[in-house]
Amino acid sequence: MNSDDRHNHYDEEDDVEETFVDDDDVADVVHYEGEEGDMAMDDEDDEEEGEGGERSEILLEDDSVQGFFAHKEPVFSIDLHPTQQNLVVSGGSDDRAYIWQLDTGEQIAELSKHGDSVSAVGFSSDGSLVATGGMDGKIHVYSVDKREQCATLDGPDEIQFIDWHPKGNVLLAGAQDASLWMWSLPTGDFMHVFAGHSAPVTCGRFTNSGRNIVSGAEDGSLIVWDPKTAAIVRQFTSQDERFHQGAITSLAIARDDQVILTGSVDATAKLVHVNGTILGSLGNATESVEAVGLCDVLPLAATGSVDGSLSVWDINTMRLRTTLRHDDSVTRVLWHESSPMLTSVSMDSSVRTWDARTGECVRVWRGHQAGIMDLALTRDGRT
């Protein structure tokens, strides 16, 4: 889902949410304890006067243990510090980004305001730097320890995503103008522009080894790049009828970097090998596949769709194992590290954790009063 779609998706879904207070757009923190059950909170303030002077009670469920309330509009992107997992960065359509404490909700820093929505945020792999990317085409980079801005990067137009190299302070960004850009930090030295897509680049990242870059675009193309030369190593396009026939929305890369999973508005997910082989198509959704993920301990894949389905697949046999459900569009899917557990978020305002082996929903968290656009997990999968 690109930045423009985030605006549209939120607007379309949010008409019924206007009756709630402005705390809708908070980044909630939830702890996973492995137990089922939801908590409902009610007090005398949650009452409205109905027809005939009668009092009607509104129950707002909130399973969070902490929240951050500085954002006044939808939150689009969130990330956890790689080593200090109590530090969070978040950015949203209020053009602002913040660093805050996970356990207390305390604001640590308000980062420089962008000229448009903050569409992407992320800590560097060593945690020394943090970056915010905006639809104003700017990327701001800060020292985490000093809380000082060290670089402002520009060149592309609206930023769709950012990603840090897994082994160094090199930053990648994908843009609405069909390009990708790469810089060395903290100096901000420009390194490469990657040109090969013909439409907005909607998703992308470094491979786990850092030896390649993978990106997907609205033209239905998936490209594997050499980051040293900006050359195309492998390319999959809609000209091949076995591949996507619509915009690519999301991608995931296997731990060994050999297999890539993509989701598309054509309601399918495709599994491809970096050698150029199309391994198969995963297709049981009726609407756009917006979120995909690959398990790192079992040969399983997950695909989340606008139709509310969350499907788990066996990638050895390319067969569907189970279909799980949200009440609205699935926007983000994350596998827990070294685990068959899976957490998903949705426009139905819920966070759900599943056991992919059995299809059991082991926990549902509620607390948001509007659709959830992004998700981050601590390494232990408990928050």
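Our subject is the structure that appears above.
Conventions and cut-offs
- Residues numbered from 1 in each chain as written.
- Predicted model: local features only at pLDDT ≥ 70, side-chain atom pairs only at ≥ 80, totals over all residues.
- Heavy atoms only, no water.
- Phe/Tyr/Trp six-rings, centres within 6.5 Å; stacked < 30°, edge-to-face > 60°.
- Pairing = 2+ DSSP bridges.
- Helix = DSSP H or I, 4+ residues; strand = E, 2+ residues; numbered from the N terminus.
- Axes fitted to C-alpha atoms, helices over the stretch in contact; angles between N-to-C directions.
- Polar contact = N/O pair within 3.5 Å; in protein donor to acceptor, adjacent residues only side chain to side chain.
- Salt bridge = Lys/Arg side-chain N within 4 Å of Asp/Glu carboxyl O.
- Buried < 20%, exposed > 50% of the residue type's maximum accessible area, 1.4 Å probe, protein only.

1. Some words on the packing of aromatic side chains
Then comes step 1: Evaluation of the coordinates by the stated rule reveals six aromatic pairs.
Then comes step 2: Aromatic pair Trp181 and Trp183: ring centres 6.2 Å apart, planes at 20°, arrangement stacked.
Then comes step 3: Here the aromatic residues Phe68, Tyr98 and Trp100 are joined through ring pairs into a cluster of three or more.

2. Examining the sheet that holds strand S34 (residues 360-366)
Then comes step 1: Strand order in the open sheet made by the four strands is S31-S32-S33-S34, with antiparallel pairing throughout. Taken across any chain shown, the strands that pair with only one partner, and hence form the sheet edges, are strand S31 (330-335) and S34. Adjacent strand axes in the sheet meet at a mean angle of 20°, parallel and antiparallel pairs treated alike.

3. Comments concerning the side chain of Ser221
Then comes step 1: Note that Ser221 resides in the loop between strand S20 (213-217) and strand S21 (222-226).
Then comes step 2: Within the local environment of Ser221, its side chain forms a polar contact with the side chain of His197, the two groups lying 2.6 Å apart.
Then comes step 3: Within the structure, the side chain of Ser221 is placed 2.5 Å from the side chain of Asp219, a separation counted as a polar contact.

4. Some points on the pattern of salt bridges
Then comes step 1: Tallying each qualifying case throughout the model produces ten salt bridges.
Then comes step 2: Here Arg96 makes a salt bridge to Glu110, at a shortest N to O gap of 2.6 Å. Remark: Glu110 occurs in strand S10 (residues 107-110) and Arg96 occurs in the loop between strand S8 (87-92) and strand S9 (97-101); sequence separation between them is 14 residues.
Then comes step 3: Between Asp296 and Arg255 there is a salt bridge, and its shortest N-O distance comes to 2.8 Å. Residue Asp296 is found in the loop between strand S27 (289-294) and strand S28 (300-305), and its partner Arg255 is found in the loop between strand S23 (248-253) and strand S24 (259-264); the two are separated by 41 residues along the sequence.
Then comes step 4: One continuous salt-bridge network, built from bridges that share partners, spans Asp327, Asp348 and Arg352.

5. Observations regarding unusual backbone geometry
For residues that are not glycine, phi is negative in most cases, and the peptide bond is trans in most cases.
Then comes step 1: Here the residue pair Leu185 and Pro186 is connected by a cis peptide bond, since its omega of 10° sits within 30 degrees of zero.
Then comes step 2: Here Pro186 shows up in the loop between strand S17 (179-184) and strand S18 (189-195).
Then comes step 3: Here Met318, not a glycine, exhibits a phi torsion of approximately 60°, which is positive.
Then comes step 4: Mapped onto the elements of the fold, Met318 is located in the loop between strand S29 (309-314) and strand S30 (319-325).
Then comes step 5: Met318 gets classed as partly exposed once you look at its relative accessible area, which sits at 21%.

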